[in-house]
Structures are given as structure tokens and as C-alpha cells.
Amino acid sequence: MIGLNLMLFATVRSGSAALEAGSWVTYQTRHEEKLDTYGKNFTSVCVFAYDFDDHDNIRPAKPWVDETLNRLMSRRVTGRPVYVTIVNDIETDPPQQHNGELVLRIVSDPVKRARHIHQIVVLSSKADGIDIDYESLLAGTRDHYSQFIKELRAALPKGKLLSVVCQPKTSDDDGPRGQAIDWRAIAPSVDVLRVMTYYFSYGGSRPGSSAPLDKVQAMAHLAASEVPKEKLHMVLTQFGWDWPEDGPGRFIQYTKAIQIAQSHGVAPFHDPDSQTMRINYIDEEGTPHEIWFPDQSSLQAQIGVIQNEGIRKIDVWELGVGDPNFWTWFMNAAKNLEETRGHSTP
């Protein structure tokens, strides 16, 4: 999650079970105008992001981050808290995205950790809550991270909300990335814990589904056993990957994937196991490619296995990007705003 994002929540219905739904508006696309279409039923907003300079200080990633915060806070709606997200990117040249060494350096040193927490407490005056999105964490971070979250909770002013974004894992073993956050240990300290369900395939891996159904189910099962369900959000992605034969994959959006299929005269099809949409094509240089990306059917299948674990809160990365048919289904199911506010949690 990189840039300025507004995380937005509504309550929707999928089948017979009510879902509380969320998404992001990112600085790459800055689809803030989508708020006019979809925002009337949202119940929470997260502004993404603050990141770091090369002296370990948090700072707005773009000059207009604070402008967006100020605008949303000045137009605050009762029952719709505003979060500000902090991400472990470093604004060097070139930028360093998701720097795990940065996080370990800070949280493992009591002096640096206290300084960092103080900066977050100061930042919290700009919003109703803080959203911590530290990714690509290193092995050895786990216990220090849990202590950081515990101390941050204690330091935040009364009434301030705390949210944490976690990369995927299917076991509670210690290790890097998703394994470096102990969900059970931090759950008492947070108001919201968001679990990313994707990145099982990515640019540096072999072609495949980023969110295989069996992995999504395993993550949902683990999360539901370790985190109170009223705090738990599962995060889906609308992005896919395009892999050339014997080369690294690159991010691709739904609309671009469909354009490629049309221009090459090939038909997209669903992988029978993961339900992920696939496209096989040969580019202008004669190189075979595989594209794997989610569509409405893929995402609904993922929501289905999550619901089977009794989890009712779903976030989707990112608002307005992806299969428009999915957004029509997702947002048309939104309940009346007043009903949503009467029953939802942070």
C-alpha cells in the first residue's frame, strides 16, 4: 500500500450474511471523485500515507496528504472516524518501499522506539486514528513489533483508534514478512487488524494466482482463531500480474489485461482451482505471457471462503480499480448509511 489512500467502509450483503466492506483511494490514481459515487454509505476513511525521511522521521508522503486530512476532518461525519496511515517507505532517491530494516532498527531500540511513538502521538492529533502499515518485515522483528504496538496503544490519547495492516501468513511460526507480526499478541492493543490475503504469487515468483482460494481460506481460519472477529478485516486485491516467459512479472490492472486479450484475439478464462482469471498471449516480440488477475467471480469466491469462517469485514485494494462489474455488485449491496452506522465497529 503506497501513497495517499482513503480507506472507506460500508456494510454490504453477500447472500444472506452482512459484510462490512472497505477500499482505498490511492495517490497513484487519486480517485477522490469516486467518493461522490460511493462515499454516501461509507463509515470510515483512512488517509494513506505518512512515510519516512532518511533520518527515521515520519513525514507526509505528498504535500497534499495534510490538506486531505484537514479537509476530511473539517467535514467530519458522526460515526465516520478518519485514520491516517503510516507506511515504511523511505523518501530517498530512488524511494525505498517497505523497508524492513528501517522498522527493525526503530522498534528494537527502546530510545528510537520511544521517539517514533512520540512522533505518531503528535500525528494522531490530525485524525481520529492511526493505521500502521509496515510490510516486508525482517526475521527477528516479531517480539519488538509486539512491544511497539503495546507501547503505542498506551501512549495514544484516550479515544484515538489504532489499526494495523498485516501481510499474509498461514501459520503462527516466527519469520519474515507476514510471520513477523504476532496477531494474537497485538490483538488486545488494536481496534482493527487488517490481513492481506494476497502476494502468494508476485513479480519474482512463477506465474499463478496471487490469492489462491485454499490460502485465503487458511489465512481466514488462522485469523479467526487468533483475533476477535469484530476487529478483523480481510483485504483482497484487484491487481493482477503479467509474466513473460522466463522473466519477472509486472503489476497489471483489470482494464489493461482485458485490452491485451482483445488486441491479441484471445479469450480470458478461469483457472479451475483458484477461480482466478487467466490470459495466455504472445507479445509483438514473440514472447509467451501469462496474466493472472481477479474479476468479479474471483473476488466473490474469495469472499465466500472468508464468510465461511464467520468473518464479515472485507477490504478491497483499491477503489475504482478492477472489474467494474464487481464494484457494481459490491456497492449496490451497501445498506443505508444510518443503518450501517448503527451496527458497525471501527
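The sections below set out a description of the structure shown in this document. (Residues numbered from 1 in each chain as written. Predicted model: local features only at pLDDT ≥ 70, side-chain atom pairs only at ≥ 80, totals over all residues. Heavy atoms only, no water.)

### Regarding the packing of helix H3 (residues 100-107) against helix H4 (residues 110-123)
Now for step 1: Across the interface, H3 lies against H4 with an axial gap of 6 Å and an inter-helix angle of 105 degrees. As the angle between them shows, H3 and H4 are arranged roughly perpendicular. In contact with Arg 105, Ile 106 and Val 107 of H3, H4 contributes Lys 112, Arg 113 and His 116.
Now for step 2: Per-class residue counts for the contact of H3 with H4 are two nonpolar, one polar and three charged. (Axes fitted to C-alpha atoms, helices over the stretch in contact; angles between N-to-C directions. Helix = DSSP H or I, 4+ residues; strand = E, 2+ residues; numbered from the N terminus. Parallel < 35°, antiparallel > 145°, perpendicular 65-115°, else oblique. Contact = heavy atoms within 4.5 Å. Nonpolar A, V, L, I, M, F, W, Y, C, P; charged D, E, K, R; others polar.)

### Quick notes on empty space enclosed by the protein
Now for step 1: A complete count under the given rule lists two cavities of 30 Å³ or more for this structure.
Now for step 2: The volume enclosed by the largest cavity comes to roughly 80 Å³.
Now for step 3: The wall of the largest cavity is formed by Ser 209, Ser 210, Ala 211, Thr 237, Phe 239, Gly 240, Thr 276, Trp 292, Phe 293, Pro 294, Ser 298 and Gln 302.
Now for step 4: Elements with a minimum of two residues in the lining of the largest cavity: strand S14 (288-293) and helix H9 (296-307).
Now for step 5: If you add up the space inside the second largest cavity, you get close to 30 Å³.
Now for step 6: Around the second largest cavity, the lining residues are Phe 52, Leu 102, Val 103, Ile 106, Val 107, His 116 and Tyr 134.
Now for step 7: Counting residues per element, the lining of the second largest cavity draws most heavily on H3, at four residues.
Now for step 8: The residue inventory of the lining of the second largest cavity, partitioned by class, reads six nonpolar, one polar and no charged. (1 Å grid on protein atoms, 1.4 Å probe; cavity = no way out; pocket = protein on both sides within 12 Å on 5 of 7 lines; lining within 4 Å. Points joined across faces, edges and corners; volume = space filled by probe spheres on them.)

### Thoughts on the packing of H4 against helix H5 (residues 142-155)
Now for step 1: Remark: H4 packs on H5, axes separated minimally by 10 Å, with the N-to-C direction vectors making an angle of 45 degrees. Classified by the interaxial angle, the pair formed by H4 and H5 is oblique. The element H4 and its partner H5 pack so that their crossing is right-handed. Contacts from Arg 113, His 116, Ile 117, Ile 120 and Val 121 in H4 reach Gln 147, Phe 148, Glu 151, Leu 152 and Ala 155 in H5.
Now for step 2: Grouping the constituent residues of the contact of H4 with H5 by class yields six nonpolar, two polar and two charged. (Left-handed = near helix turned anticlockwise from the far one by under 90°.)

### Quick notes on the nonpolar core
Now for step 1: In this structure, Ile 86, Ile 132, Tyr 134, Tyr 145, Phe 148 and Met 234 are the most contacted members of the largest nonpolar core, which totals 74 residues.
Now for step 2: In contact with Met 234, other than residues within four places in its own chain, are Val 195, Thr 197, Met 219, Ala 220, Ala 223, Ile 306, Ile 311, Lys 313, Ile 314 and Asp 315.
Now for step 3: Listed in part, the ten residues of the second largest apolar core include Ile 252, Ala 257, Ile 260 and Ile 279. (Core = buried A, V, L, I, M, F, W, Y, C linked by side-chain atoms within 4.5 Å. Buried < 20%, exposed > 50% of the residue type's maximum accessible area, 1.4 Å probe, protein only.)

### Quick look at the side chain of Asp 51
Now for step 1: Structurally, Asp 51 is set in strand S3 (residues 45-52).
Now for step 2: Given a relative accessible area of 1%, Asp 51 falls into the buried group.
Now for step 3: Apart from the residues within four sequence positions on either side, Asp 51 is in contact with Asn 57, Ile 58, Arg 59, Pro 60, Ala 61, Val 87, Asp 89 and Glu 91.

### A few points about the environment of Gln 296
Now for step 1: Relative to the assigned elements, Gln 296 resides in helix H9.
Now for step 2: Apart from the residues within four sequence positions on either side, Gln 296 is in contact with Asp 323, Asn 325, Phe 326 and Trp 329.

### A few points about the sheet that holds strand S11 (residues 250-252)
Sheet strands pair by backbone hydrogen bonding; their relative direction is either parallel or antiparallel.
Now for step 1: With antiparallel pairing, the five strands of this open sheet are ordered in space as S11-S10-S14-S13-S12. In this open sheet, the two edge strands, each paired with only one partner strand, are S11 and strand S12 (269-270).
Now for step 2: Summarising the sheet, strand S10 (residues 240-244) and S11 pair through three bridges and their orientation is antiparallel. Of the residues in S11, the one forming a bridge with Asp 242 is Arg 250. (Pairing = 2+ DSSP bridges.)

### Description of the pattern of salt bridges
Now for step 1: Under the criterion given, the structure shown has 14 salt bridges.
Now for step 2: Among the ionic pairs, Arg 76 bridges to Asp 128, the shortest N-O distance being 3.0 Å. Taken together, the residues Arg 76 in the loop between helix H2 (64-74) and strand S5 (82-90) and Asp 128 in the loop between H4 and strand S6 (129-133) connect sequence positions 52 residues apart.
Now for step 3: Given a relative accessible area of 47%, Arg 76 falls into the partly exposed group.
Now for step 4: Owing to a relative accessible area of 13%, Asp 128 belongs among the buried residues under this scheme.
Now for step 5: Note that Arg 250 is salt-bridged to Asp 242, the shortest N-O span being 3.2 Å.
Now for step 6: On the basis of relative accessibility, which here comes to 41%, the residue Arg 250 falls in the partly exposed class.
Now for step 7: When salt bridges that share partners are traced, they join Arg 142, Lys 169, Asp 172 and Asp 182 into one network. (Salt bridge = Lys/Arg side-chain N within 4 Å of Asp/Glu carboxyl O.)

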